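Structure at a glance
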Amino acid sequence: MSDTSASRHIHRRGLLLVLSSPSGAGKSTISKRMLALDANLSMSVSVTTRAMRPGEVDGKDYHFIDKAEFEARVTRRELLEHAQVFGNYYGTPRGPVEESLRAGRDVLFDIDWQGTQQLAESAADDLVRIFILPPSASELERRLTTRAQDSAEVIAQRMSKANDEMSHWSEYDYVIVNEDVETSVAAVQSILLAERLKRRRQVGMSDFVRSLQVGK
Ligand code: 5GP
């Protein structure tokens with residue numbers, strides 16, 4: 001892009017894009033596709049006290065920490081939001097998110113309704129909330145029961161958590177029924193584009209418009 005392009009002049013504040021869903025609705029596939037497609041979007045890597053699953057990478061999927069360290073971070077106010085899910089603690093590190101917002105980069109969050117409510121209190125202007133629903137109860141059940149690494153007890157917990165999570169759908173700005181991943185990804189891209197173009201996010205626009213007003 002050349003130095004005279006508009007995007008060089010119009011500074012935009014980044015936004016917080018939250019994707020929530022019951023587990024098994026296809027959210028992580030949609031997140032991965034969005035990150036691959038959009039260079040201005042990065043994932044917020046949460047801290048958690050839960051055990052690492054096979055295939056997960058510390059620092060990439062989560063920062064895996066113990067409960068004492070988690071509590072210390074809460075006390076030091078280093079987490080933007082935090083919640084207990086399935087008996088484990090999860091939280092969003094504050095520093096990387098604030099840095100991205102300032103630099104005009106957008107941040108994608110895979111957090112639950114509790115964390116989303118906290119972000120709505122602390123960062124309402126920057127927040128865009130999308131809820132992903134599975135296409136049917138049978139499909140949700142199929143996806144929840146075919147996660148090989150989880151025990152029967154964990155699956156039962158997930159089903160009850162899924163019902164709880166879905167009861168919060170109406171607290172979100174957008175709702176997508178995930179019938180087909182590519183269609184859902186296109187929907188998330190459209191939402192992101194429209195939200196980026198919102199006037200209040202384009203904080204450098206008045207200077208740019210002045211520069212267009214020749215003769216002034
Ligand atoms: P999992 O243990 O399967 O990776 O995640 C369990 C649940 O915790 C998911 O619903 C996920 O969205 C949620 N979660 C992951 N990280 C965070 C976080 O930092 N904050 C909150 N509030 N929820 C999180």
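In this report, the structure presented in the accompanying data block is examined.

Focus on the pattern of salt bridges
- Enumeration over the complete set of coordinates arrives at 20 salt bridges.
- Between R12 and D106 there is a salt bridge; the shortest N-O distance is 3.0 Å. Highlighted residues: R12 in the loop between helix 1 (6–9) and strand 1 (16–20) and D106 in strand 7 (residues 106–110), separated in sequence by 94 residues.
- Under the relative-accessibility criterion, R12 is labelled buried at 15%.
- In this structure D106 comes out as buried when scored by relative accessible area, which is 0%.
- In this structure, E139 engages R142 in a salt bridge whose closest nitrogen and oxygen atoms are separated by 2.8 Å. Note that E139 and R142 are positioned in helix 6 (residues 137–145) at a spacing of three residues, about one turn of the helix.
- Connected through shared salt-bridge partners, R12, D38, D106 and R196 make up one network.

Focus: the sheet that holds strand 3 (residues 47–48)
- A sheet is described by the order of its strands in space; here four strands give the open sequence 4-3-6-5, paired in mixed fashion. In this open sheet, the two edge strands, each paired with only one partner strand, are strand 4 (63–64) and strand 5 (79–85).
- Where strand 3 lies against strand 6 (residues 88–93), two bridges are found, and the strand directions are antiparallel. By the bridge assignment, V47 is partnered in strand 6 with G91.
- Where helix 3 (residues 67–75) meets the sheet, its contacts fall on strand 3, strand 5 and strand 6, and the angle it forms with strand 5 comes to roughly 140°.

Criteria and cut-off values
Residues numbered from 1 in each chain as written. Predicted model: local features only at pLDDT ≥ 70, side-chain atom pairs only at ≥ 80, totals over all residues. Heavy atoms only, no water. Salt bridge = Lys/Arg side-chain N within 4 Å of Asp/Glu carboxyl O. Helix = DSSP H or I, 4+ residues; strand = E, 2+ residues; numbered from the N terminus. Buried < 20%, exposed > 50% of the residue type's maximum accessible area, 1.4 Å probe, protein only. Pairing = 2+ DSSP bridges. Contact = heavy atoms within 4.5 Å. Axes fitted to C-alpha atoms, helices over the stretch in contact; angles between N-to-C directions.

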